[in-house]
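If you want the building blocks of each chain, they are given just below.
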Amino acid sequence: MLPRWCLVLALATIIAHGQEENNNMEVTIVGLFQPDEKEEQVAFRMAIELTNIKRILNATTLVAHIEEVSQYDSFNISKRICSLLANEEMNIGAIFGPQSATTSGIIKSISDKFEIPHIETRWDPFAKNTTMNINLYPEPQRLAQALIDVINDMDWETFTIIYDDEFGLLRLQEVFKYHDGFLKGEGQTPFTLHKLNDDNDYRPLLKQIKVSTETHIVLDCAAEKILSILRQAREVGMLGDYHSYIVTSLDAHTIDFEEIKMGRTNITALRMLNPGLGVVQQVIDEWIFEEQRKNRTPDLVADTLKSHSALMYDAVQLFAKGWSQLGLKEPLRPIECLAKDKPRNKNPNGFQLVSFIKMIQMEGMTGMMGFDELGRRDYFSLEIIELVKTGFKKIGSWDPKHGINYTRTQSEMYSELVQSISNKTFIVTSRLGRPYLDKREGEGLKGNDRFEGYSLDLIDEVAKELGFTYEFKLVPDNQYGSLNKKTGQWNGLIRELQERRADLAICDLTITYDRRSAVDFTMPFMTLGISILYSKPVKQPPDLFSFLLPFSLDVWIYMATAYLGISLLLYFLARCSPYEWENPHPCNPEPEELELTFNLPNCLWFAIGSLMAQGCDLLPKISPYEWNNPHPCNSNPTELENTLTMKNLIWHNCGSIMQQGSDIAPQAVSTRLCAGMWWFFTLIMISSYTANLAAFLTNERMEDTIESVEDLAKQNKIKYGVLNGGSTASFFRDSNVSMYQKMWSTMESAQPSVFVKSNDEGVERVQKGKRTYAYFMESTSIEYQMERKCDLAQVGTLLDSKGYGIAMPFNSPYRTAISGAVLKMQESGKLQELKDKWWKEMHGGGACDGQDEAPPSNELGLSNVGGVFLVLICGCAVALFVAMLEFLWNVRKVAVQEKISPKEAFMLELKFAMKCHGTSKPVRRPREPSTKGSFMQLDVFEKKGSM
């Protein structure tokens, strides 16, 4: 900008040069103003004077003629205009104004009829198709679109419109059309309407809006009323941190907000005129210089210059540019608009001038100008300004072509948010409940020192990041926050936020649709889902006879029946076949009788040996018959031999382990075929038994349990419930899934009630229910309980996915900054550190670590195979009992045959049996009648073949 002395010198030269010109054509510009439009009159007069000084029109000089008119007297205005047009000395080139819609219509009619350019600077929602009218005020629909874009960009889901008069409704009609449900009366609209009263006491209206908890306000009123309304809003508590205002007046920047700008309320406005622009400052300096040159006291400041004054200046400049570029020099003729008997002239250049002006695009004090075919200004630019501590600050711009374009970056916006938070004390409301918040033990604790928990640590980390302080307060009813459908009122934490008694709410508060419509949430600091808390199944002691479990009782009965049936069938087939009868004395080629090897005892032994896959080439026999003749051809042996020597016993057991066959083999085709089928049957059964036995012995038996929510829904033995009024209850109540609807109906009809007042009560009920009660709760809370109560477990997968967030009043300006701090903590791992601290370390955490780990190996204990040992012991006991009976029976036979006392025979046989050496035994024969002490030649223990 040039120095003042240069500007003065230049203007003086132009004035001196202008005084030398005496042949200029003068063109009168009529300006119609209301008496109170003094600033607009000055702007009109100064614009014409500066145009003449700058010689924009060359040989033409503009003359300003100001008429002060009433805004309602159309008749007198028309008479005055016609008298001016008929004056031969006036030479009227154009009419500017008026601002009144009532009187503007008659001026438009006169201008169209006599082709006189008519230039306006007013808001005109009823613009008609006139040929001679040009309006520099922004086209109403496009101006309303700018307001709509700002509202949408600020993410206002709901808002309240405060308007001054009926013209306010007209100015906002495009906003209504954008939400066409309002005009059609369909559904709910995002806004409410309130009209300002006429007594200048707006407090009752503002209190009504405050009760509605609405914090977004669109204020459409005259600039003179804005400051008064905001003062009264501050008195009723509607100028707080969470309130935001959009002022529609384009002159809001001219108001002194000194007493309000130090607050935290967001006040946004639109303006056409930027006082800091160089073109504006230059024009103001020129005005001041001209006023001082004419010894008038200037009262012009760029910061207080109204939009209409700037538009009036631009209107004169636009007219002058059009006149100059067309090069009009023809003098204008008087027009007799009231004379009926005289021919009525028209302005010879009027239509051509207006048509040319409509095509002009130029930049003035109010920015770039462009017009449509109707003379409406369809191109203009607006600045989006925001009230800060230093005054209004430009944050963006809007134009019809590009829409909103912000001049500040995201980092700058975030820095401003953080700066607005710093040094602020937040009231944080919460509820007691481990691990999120609990009372600290100790006396004399005050303030935040009274509490401890995850929530406190989280807010403390956020406060350190953003630089604010905080104070924790407990919610009176200890409720999370649920909506009463009948009254429409919230309780708990949500109510505290809605009534502005708290700035933040933090605990295990789930983000739900209903809560999100009532308050704002940060990004989730913890993700989770609904799951089932249930008691762990009680381990059952191993069954003593678990080795019988691989087969059912029916199979064991069928196997025993098959065993007996095969044994009898073999016995019958052996008796029928000639090949199964053998010579009992191989040394006698012509025996008198044959012996059946497959007698009934041997058939039973053969079948059981095949079934058990036992046996070898040694066939155990009942005790007295274990002593065999070592020389079968000698019918009178002197001693007997026991084939079950220690070496042979080892081989016998080895053969049993290796699953070898018996020493009795069928000879006939029929018996062999029967035995082969029996062996095939036993092979399959033994393999199946062996395969299933390992699983039954290694798996510990558990009580019947549930594995998923489907299992829980299908049964009616185990009751299940939720926290009354919590988000989990809302999940089941509002779900569209038929299974969840059925479960909710079951919970509602259950007696006694399955609903609990707190999670701790639900956990206690699960523990005391002895697996008759399951509790639905968030998975994170289940994890916390499982770290401390080892008898509890989580059942099934998550029913949904959701998160915990920090709640704050609806439309809180601090949401972005606090969410950013939470995100930083998540990326740095701080959130996980806090969770590990309060879940696994504090207050008994980690008590159940390692209890659910699998054993290092799958060894079987005695409890798993004890039944087999029991069967072995019982079998051995029976064998011992039978052996005692055999021994006593043999003692009796010896006593009778040797004619000695039973006691002597008992001691004699017992002494021999107790010897641990020798494998032969002398044959005892009956005594000869004539010889004392001799024996008969009859083997006592003669073996006659297999039993």
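See above for the structure.
To keep things clear, this report deals only with the structure shown in the data block.

## Structural notes on the state of the cysteines
Argument step 1. In this structure the tally under the stated criterion is 1 disulfide.
Argument step 2. Here Cys790 pairs with Cys848 through a disulfide, and the sulfurs are 2.0 Å apart. Its torsion about the S-S bond being -100°, the disulfide of Cys790 and Cys848 is classed as left-handed. Linking Cys790 in the loop between helix 26 (779-786) and strand 31 (792-795) with Cys848 in the loop between helix 28 (830-841) and helix 29 (862-898), this pair joins segments that are 58 residues apart in sequence.
Argument step 3. Cys674 carries a free sulfur, and the closest cysteine sulfur to it, the one in Cys603, is 9.1 Å from it.

## Some words on a nonpolar patch on the surface
Argument step 1. A cluster of nonpolar residues, Leu544, Phe545, Leu548, Leu870 and Val871, forms a patch on the protein surface that exposes about 380 Å² of accessible area.
Argument step 2. As for its position among the elements, Leu548 is in the loop between strand 24 (530-535) and helix 18 (553-576).

## So, the sheet that holds strand 4 (residues 118-120)
Argument step 1. Strand order in the open sheet formed by 8 strands is 2-1-3-4-5-13-12-11, with mixed pairing between adjacent strands. Two strands close off the open sheet at either side, each with one partner strand: strand 2 (60-68) and strand 11 (362-364). Averaged over all pairs of adjacent strands, the angle between their axes in this sheet comes to 35°, without regard to strand direction.
Argument step 2. Pairing of strand 4 with strand 5 (residues 133-138), which is carried by 3 bridges, proceeds in the parallel orientation. Within the sheet, the bridge partner assigned to Ile119 lies in strand 5 and is Ile134.

## Describing the sheet that holds strand 24
Argument step 1. One open sheet holds the 4 strands; their spatial order is 29-30-24-31, and the pairing between them is mixed. Where the open sheet ends on each side, the last strands, each with one partner, are strand 29 (719-721) and strand 31. Across the sheet, the axes of successive neighbouring strands diverge by a mean angle of 30°, strand direction being ignored.
Argument step 2. Pairing of strand 24 with strand 31 involves 4 bridges; the strand directions are antiparallel. Note on strand 31: the bridge partner recorded for Tyr534 is Ala793.

## Remarks on helix 18
Argument step 1. With 24 residues, helix 18 extends 35 Å between its outermost C-alpha atoms, agreeing within 8% with the 34 Å of an ideal straight helix rising 1.5 Å per residue.
Argument step 2. Those residues of helix 18 that sit buried are Met559, Tyr563, Ile566, Ser567, Leu570, Leu573 and Ala574.

## Re the pairing of strand 2
Working note: regular strand, side chains alternate between the two faces of the sheet.
Argument step 1. Bridge count between strand 1 (residues 25-33) and strand 2: 9 bridges; the pairing is parallel. The partner of Phe33 across the bridge, within strand 2, is Glu68.
Argument step 2. With helix 2 (residues 38-53) bridging strand 1 and the parallel strand 2, this β-α-β connection has right-handed handedness.

## Some details on the side chain of Ser309
Argument step 1. Its place among the elements puts Ser309 in helix 12 (residues 307-326).
Argument step 2. A relative accessible area of 0% places Ser309 in the buried class.

## Topic: the packing of aromatic side chains
Argument step 1. Counting across every chain of the model gives 33 aromatic pairs.
Argument step 2. Taking 6.3 Å as the distance between ring centres and 40° as the angle between the ring planes, the aromatic pair formed by Trp156 and Phe159 counts as tilted. For the residue pair Trp156 and Phe159, the accessibility class agrees, reading buried in each case.
Argument step 3. With 5.6 Å between their ring centres and 25° between their planes, Phe159 and Phe191 make a pair best called stacked. Of this pair, Phe159 sits in strand 6 (residues 159-163) while Phe191 sits in strand 7 (residues 191-195), and the two are 32 residues apart along the sequence. We note that Phe159, like Phe191, is buried.
Argument step 4. Ring pairs connect the aromatic residues Tyr436, Tyr454, Phe525, Tyr784, Tyr804 and Trp839, which therefore count as one cluster.
Argument step 5. Cation over ring: Arg171 sits above Trp123, and NZ or CZ is 5.3 Å from the ring centre.
Argument step 6. The ring of Tyr773 carries Arg765 above its face, with NZ or CZ at 4.5 Å from the centroid.

Rules behind the numbers
- Residues numbered from 1 in each chain as written.
- Predicted model: local features only at pLDDT ≥ 70, side-chain atom pairs only at ≥ 80, totals over all residues.
- Heavy atoms only, no water.
- Disulfide = S-S within 2.5 Å.
- Helix = DSSP H or I, 4+ residues; strand = E, 2+ residues; numbered from the N terminus.
- Patch = residues over 30% accessible without salt bridge, like charges linked within 9 Å, V, L, I, M, F, W, Y side chains within 5 Å.
- Areas by Shrake-Rupley, 256 points an atom, 1.4 Å probe, with all protein chains shown as cover.
- Salt bridge = Lys/Arg side-chain N within 4 Å of Asp/Glu carboxyl O.
- Pairing = 2+ DSSP bridges.
- Axes fitted to C-alpha atoms, helices over the stretch in contact; angles between N-to-C directions.
- Expected span 1.5 Å × (residues − 1).
- Buried < 20%, exposed > 50% of the residue type's maximum accessible area, 1.4 Å probe, protein only.
- Right-handed = clockwise from strand over helix to strand, strands pointing away.
- Phe/Tyr/Trp six-rings, centres within 6.5 Å; stacked < 30°, edge-to-face > 60°.
- Lys NZ or Arg CZ within 6 Å of the ring centre and 35° of its normal.

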